[in-house]
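Analysis of the macromolecular model
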Amino acid sequence: MGCCVSSGEERTDREPLAETRPRYSWEKKERPDRSQLIISGQVGVVVCRLPGQLSGRQFHIQDCRQCEIFVLDTTSSLTIHGCTDCTLVLGPCGGSVFVRQCEGCTVVVACQQFRARDCRKCTVYLHCKSQPVIESSHRLRFSCFQAYYDKLRDQFSSADLHPFNNQWSHIHNFTNQGGESDWSFAQETTPPITPPSEGDISGCGLTFQRGRSTVPYSVGPLARPTESEGCVVVMTGEERESRARELLTKLQDQVVLVQTCHSHFKGNEAQAFFGDHKSLLAQIKTGPCIMMELSGENVQQICHSSLEGVPEDVYHLSSGREEGERERETLANYLMSSLTM
Amino acid sequence: MGLLSLLRKFRKQPSRELRILILGLDNAGKTTVLRVLASEQDEIKNTTPTQGFNVKSVHSQGFKLNIWDIGGQRTIRPYWKHYFEGTDVLIFVVDSADMMRMDETGEELSELLQEHKLAGVPLLVFANKQDLDLAMPPDEPAGYASPDLQHNLLIFPQIAEKFQLTSLTDRRWQIQPCSALRGEGIQEGMDWMAKNVSTSKW
């Protein structure tokens, strides 16, 4: 068998390729059952893929109408094409999610990349590691990913995503005409979806209840309350995530979570970004960390009392209005700069 | 792979400067290809959709290599032409797992091949994302390729036909299956480029 298709000139002096040609990983693997990886042309039905059924495979949803589609597993790539009035709940995708020519859909999805083109009147509850992009779309509404099911946290890790690394609100519009007709932030903070009560999926623990979500609800920097006090909380150590979640549970409704990240700074990266903030820098140098920007009246005092009992060497909290202001600006700049390529 | 080792590969060229242009539809994997060429595999999982362009350059002993990766959204494809001038090799990246956009891909490529400023420029088509489950299988016989072509086009007859590459006479071209994500197939593409770039312009 030949190596590649190519222009003819060279063909005669080419060595027998069968021996020289490398064997690629995709040639060795078994072909999956494609029918399990495509949902096409369904109308008015509930379709489910349960944890473990896809395990990071590619998935494609096409030309469905008035369906409820639950993909509670990891995927490597997701395309949603030509769907109308559907509800789509999609587990962590380690690659890109591409939504095209959809109308009237509600989409809950976590992914490495998010792209939408030629869509209308869709609401997206989004977790995205990079900057989400839209093109030639109208009346899209975005909100923060909000969902929980028992295997979801582990699936984030399998997909190489972290629930706190969420850039959902940094939407880039390739066809920006100005105004809000193309996209806006949704007012709703939880998806209006009722988990199916029958079938195997009912045992997955799926819920959209506020406060249960695997991804903490953040408003994004564009919706940061103006004039209110700001602060940065850094959480390090083995238990950083559970401690951060505990803090957020305690804080709920008292202050606003603006944005979050999970970082592990290498080399002099931490110094380069946070060199001007000695106490914060010292904390993030101790290892992987969760950083959270919070905002609200007396936010620092509220955080301080909510952190009672947490060992002092595993967290940093901005101290004073000025420091809070400076630190949140630096964190915001750091997060913006992480979106460049 | 690394830009320096790439540069060494091309150093035999008579020109002191080499310009590689990476184009393709949005979501084809152009930036991931660029990252592999620049030995930035660790960063692949951080890649953001390209809004303008990315460029990687390396200079060594008077030799210069520039690789340009231009965003592929429909809205910004009209800007591709600003990057044509002086291109030595065109890399066109295809998402082999997005069957619904093969027509769009073919149309864009055929328009590129008619561009005066790209006339004669060797074309390397990366049939990317072979690691994905719904990727166009390389070894499936073409459903609509003419029988006499199947003999020579054992791999990717669909792509070659769709993009009308088989009728190309004014340039060298190659379709290379790859998974930029896994770094597979890219090296072979670069080897082909190194062999074919010199005879084109000089």
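If you're wondering where the values come from, they're calculated on a predicted model, not measured in any experiment.

This paragraph deals with the overall build of chain B. Assigned secondary structure in chain B consists of seven helices and six strands. Taken from N to C terminus, the helices and strands of chain B fall in the order α-β-α-β-β-β-α-β-α-α-β-α-α. For chain B, the share of sequence-separated contacts (at least 6 apart) that also reach a separation of at least 24 residues comes to 72%. Carbon and sulfur atoms make up 48% of the accessible area of chain B, which totals about 7900 Å².

All names here are of chain A. Its location among the elements puts Thr330 in helix α8 (residues 321-337). Residue classification places Thr330 among the buried residues on the basis of a relative accessible area of 16%. Leave out the neighbours within four places in its chain, and Thr330 touches Phe273, Phe274 and His277.

We now examine the domain arrangement of chain A. Residue and element names in this part refer to chain A. By the assigned domains, chain A splits into domain 1 (36-209) and domain 2 (221-337). Taking only C-alpha atoms into account, the centre of domain 1 sits 28 Å from that of domain 2. Between domain 1 and domain 2, the contact holds ten residues from the first and 14 residues from the second. Buried surface at the junction of domain 1 and domain 2, both sides included, amounts to about 1000 Å², of which 56% is carbon and sulfur. The tally of links from domain 1 across to domain 2 stands at one salt bridge. A salt bridge links Arg153 to Glu241, with the nearest nitrogen and oxygen atoms 2.7 Å apart. On inspection of domain 1 and its partner domain 2, the count reaches five residue pairs in polar contact (both at pLDDT 80 or more).

In this complex, chain A contributes 53 residues to the contact, which on the side of chain B involves 58 residues. Applying the counting criterion to the chain A and chain B interface returns four salt bridges. The partner of Arg100 of chain A in a salt bridge is Asp98 of chain B, with the nearest N and O atoms 2.8 Å apart. Taken together, chain A and chain B are joined by 27 residue pairs in polar contact (both at pLDDT 80 or more). For the side of chain A that touches chain B, the secondary-structure elements that each account for two or more residues are β1 (5-6), α2 (25-28), β4 (57-62), β6 (75-81), β7 (87-100), β8 (106-117) and β10 (133-135) of chain A. The biggest single contributor to the side of chain A that touches chain B is β7 of chain A, with five residues.

Right, let's get into the environment of Leu161 of chain A. Residues and elements named next belong to chain A. One can find Leu161 in the loop between α3 (152-158) and β12 (172-173). In this structure the C-alpha to C-alpha distance between Leu161 and His262, which are 101 residues apart in sequence, comes to 9.8 Å. Beyond its immediate stretch of four places on either side in the chain, Leu161 contacts Pro92, Cys93, Ala110, Cys111, Gln112, His127, Lys129 and Phe156.

All names here are of chain A. Tallying each qualifying case throughout the model produces 14 aromatic pairs over all chains. Each ring, one from Phe273 and one from Phe274, has its centre 6.4 Å from the other, and the planes form 45°; the classification is tilted. The exposure class of Phe273 is partly exposed, given its relative accessible area of 31%. Residue classification places Phe274 among the buried residues on the basis of a relative accessible area of 0%. When the centroid spacing of 4.9 Å and the interplanar angle of 75° are considered together, the rings of Phe273 and Tyr334 count as edge-to-face. Of this pair, Phe273 sits in helix α5 (residues 269-274) while Tyr334 is found in helix α8, placing the two residues 61 residues apart along the sequence. Its relative accessible area of 10% is what places Tyr334 among the buried residues. In this structure an aromatic cluster arises from ring pairing among Phe114, Phe142, Trp168, Trp183 and Phe185. Lying over the aromatic face of Tyr148, Arg212 brings its terminal NZ or CZ to 4.7 Å of the ring centre.

So, on to the state of the cysteines. What makes a disulfide is a covalent bond joining the sulfur atoms belonging to two cysteines. Residues and elements named next belong to chain A. Under the criterion given, the structure shown has zero disulfides over all chains. Unpaired in terms of disulfides, Cys67 finds its nearest cysteine sulfur in Cys64, a separation of 4.7 Å. Cys231 takes part in no disulfide bond, and the closest cysteine sulfur, belonging to Cys303, lies 4.1 Å away.

Below, the discussion takes up the UniProt feature "binding site: GTP" (unreviewed entry) in chain A. The UniProt record marks Gly95, Ser96, Gln112, Gln113, Phe114 and Arg115 of chain A with the feature "binding site: GTP" (unreviewed entry), using the residue numbering of this structure. The named residues occupy 21 residues along the chain; their greatest pairwise C-alpha distance, 11.1 Å, places them in one compact cluster. Structurally, Ser96 of chain A is set in strand β7. In contact with Ser96 of chain A, not counting residues within four places along its chain, are Ser76, Ser77, Leu78, Gln113 and Arg115 of chain A together with Asn27 and Lys129 of chain B. For Phe114 of chain A, the location among the structural elements is in strand β8. Taking relative accessible area as the criterion, Phe114 of chain A reaches 1% and is therefore assigned buried.

All names here are of chain B. Structurally, the position occupied by Leu168 is in the loop between α5 (157-162) and β6 (173-177). Since its relative accessible area comes to 18%, Leu168 is described here as buried. The spatial distance from the C-alpha of Leu168 to the C-alpha of Asp133 is 31 Å, given a sequence separation of 35 residues. Ignoring any residue separated from it by four or fewer positions in sequence, one finds Leu168 in contact with Leu113 and Trp173.

About the cut-offs
- Sequence order as written defines the numbering, with residues in each chain counted from 1.
- Lettering of chains starts at A and numbering of ligands starts at 1, both following the order in which they are written.
- Thresholds applied to this predicted model are a pLDDT of at least 70 for local features of residues and 80 or more for the giving and counting of side-chain atom pairs; totals over whole chains, interfaces and linings are not thresholded and use all residues.
- Based on all heavy atoms of the structure, the side-chain values leave hydrogens and waters out of the count.
- Strands here are runs of E lasting at least two residues and helices are runs of H or I lasting at least four, both read from the DSSP assignment and numbered beginning at the N terminus.
- Contact criterion: two residues are considered in contact whenever any of their non-hydrogen atoms come within 4.5 Å of each other.
- Values of accessible area rely on a 1.4 Å probe in the Shrake-Rupley scheme; residue burial ignores everything except the protein chains shown.
- Working definition: with a 1.4 Å probe on protein chains only, accessible area under 20% of the residue-type maximum means buried, over 50% means exposed, and in between means partly exposed.
- For the domains described, the bounds stem from an automatic or database domain assignment.
- Buried area: the sum, over both parts, of the accessible surface (1.4 Å probe) that disappears when the two are put together.
- Salt bridge, as used here, is a side-chain nitrogen of Lys or Arg placed within 4 Å of a carboxyl oxygen of Asp or Glu.
- Here a polar contact is recorded for every N or O atom pair within 3.5 Å, except that within protein the pair must consist of a potential hydrogen donor and a potential acceptor, and residues adjacent in sequence are included only if both atoms are side-chain atoms.
- Side-chain rings of Phe, Tyr and Trp, where Trp is taken by its six-membered ring, are said to pair if the distance between their centres is within 6.5 Å; with planes under 30 degrees apart they count as stacked, over 60 as edge-to-face, and otherwise as tilted.
- Criterion for a charge above a ring: Arg CZ or Lys NZ at most 6 Å from the ring centre, at most 35 degrees from the ring normal.
- Note on terminology: disulfide denotes any pair of cysteine sulfur atoms within 2.5 Å.
- UniProt positions are given in the numbering used here, feature names are shortened, and annotations may be inferred rather than shown by experiment.

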